[in-house]
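Listed below, chain by chain, are the residues.
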Amino acid sequence: MTTTTLRPPVRPGTPARTAHRAERLFKASPLTWFGLVLGVILSLFPFYWMIVIASRTNDAANSWPPPFLPGGKLGDNIQRVLDNGDANIVKGLLNSFLVSGTITVATVFFGSLAGFAFAKLRFRGKSALLLIILASMMVPIQLGVLPLYILMAKLDWLNTMPSVTVPFLIGGFGIFMMRQYAEQAVPNELIEAARVDGCSTWKVYWHVVLPALRPAAAVLGLLTFMEQWNQFFWPFVVLADPANPTVQISLRSLNTAYFADNSQIFAGTLIATLPLFIVFVLFGRQIIGGIMEGAVKS
């Protein structure tokens, strides 16, 4: 059985030295492989360490030298987390999934809609509005906590899910990202052809633009879901009721004792990490394809 080696195309008449240099660009050196393997190890080690501590007793987790192999207490520690009434981890998972999912769908929808408008439509004040959106990305959420908290209190939304959902339904990053992608991914000729066929602006967006933006929408959706799932500061401000937490507030409740139960904390962290892992496994192919396609277009 013969093997075939893929080589970069070489134009006729190319000198042998130039062709050899072009071929070397497609070969990874041992140093490159070493760097890649080291990067993978450093990236996966925190997750492995989390599993090791989550599967040990608290005494073993605090021992020196620390253990480097998983133990047999993972199921017991997870059960202790689920039974912890102060953490209320199940309610936190459900709330975080609801909040993160709603914000993700809204961000992708409104971001793609506004990105299409800024990229392909003509209207007065477009440049000024885009500058305002870009300027909003430079303002950290901490500077707007006080007025936003007062607004939530006026609306009687404190300790409710709308207080952690509505303020983040759309963001400047999503609009800017989809606008940049729509500039190159959606040809003007395609929009003009849809106009000739009698499509309205909404139909052009729904049937022409949105399918073309799907790779970028997958990337934006993953980034938004991860950001909102890991959100801690704003939910900590507006969700004072321990009976209605998000998952990050639940994890904080596991670390309120004078002596931290590290095995329980790491078991709770493992539970909170699993939804992100599942989302990446389900949509990883589209996400990676969107990143690669965006890199090629840029």
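None of the values given here were measured: they were computed from a predicted structure.

Asker: A description of empty space enclosed by the protein should follow, citing residues and the corresponding values.
Answerer: In this approach the atoms are scanned with a rolling probe the size of a water molecule, which exposes any empty space left behind. What the rule picks out here adds up to one cavity of 30 Å³ or more. Surrounding the largest cavity, Ser96, Val99, Ser100, Val164, Gln228, Trp229, Gln231, Pro235, Thr246, Val247 and Gln248 form its lining. Looking at the lining of the largest cavity, the elements with two or more residues in it are helix H5 (89-120), helix H12 (214-229) and helix H14 (247-253). When residues of the lining of the largest cavity are assigned to their parent elements, the largest contribution, three residues, is made by H5. The residue makeup of the lining of the largest cavity, split by class, is five nonpolar, six polar and no charged.

Asker: So what's going on with the packing of aromatic side chains? Which residues, and what values?
Answerer: Both the distance between ring centres and the angle between the ring planes are used here to describe each pair of aromatic rings. Per the stated rule, a full pass over the model turns up 12 aromatic pairs. One aromatic cluster is present, built from ring pairs that chain together Phe109, Phe110, Phe116, Trp202, Tyr205 and Trp206.

Asker: Go over the pattern of salt bridges with me, naming the residues and quoting the values.
Answerer: This structure, assessed with the given rule, holds three salt bridges. Of the charged contacts in the structure, one is a salt bridge between Arg80 and Asp261, with a shortest N-O distance of 2.7 Å. Of this pair, Arg80 sits in helix H4 (residues 74-83) while Asp261 sits in the loop between H14 and helix H15 (262-297), placing them 181 residues apart in sequence. Residue class for Asp261 comes out buried when judged on its relative accessible area of 16%. Its salt-bridge partner being Arg179, residue Glu183 comes within 3.4 Å of it at the nearest N-O pair. Placement of the pair is Glu183 and Arg179 together in helix H9 (residues 172-185), with a separation of four residues, close to one helical turn.

Conventions we followed
- Residues numbered from 1 in each chain as written.
- Predicted model: local features only at pLDDT ≥ 70, side-chain atom pairs only at ≥ 80, totals over all residues.
- Heavy atoms only, no water.
- 1 Å grid on protein atoms, 1.4 Å probe; cavity = no way out; pocket = protein on both sides within 12 Å on 5 of 7 lines; lining within 4 Å.
- Points joined across faces, edges and corners; volume = space filled by probe spheres on them.
- Helix = DSSP H or I, 4+ residues; strand = E, 2+ residues; numbered from the N terminus.
- Nonpolar A, V, L, I, M, F, W, Y, C, P; charged D, E, K, R; others polar.
- Phe/Tyr/Trp six-rings, centres within 6.5 Å; stacked < 30°, edge-to-face > 60°.
- Salt bridge = Lys/Arg side-chain N within 4 Å of Asp/Glu carboxyl O.
- Buried < 20%, exposed > 50% of the residue type's maximum accessible area, 1.4 Å probe, protein only.

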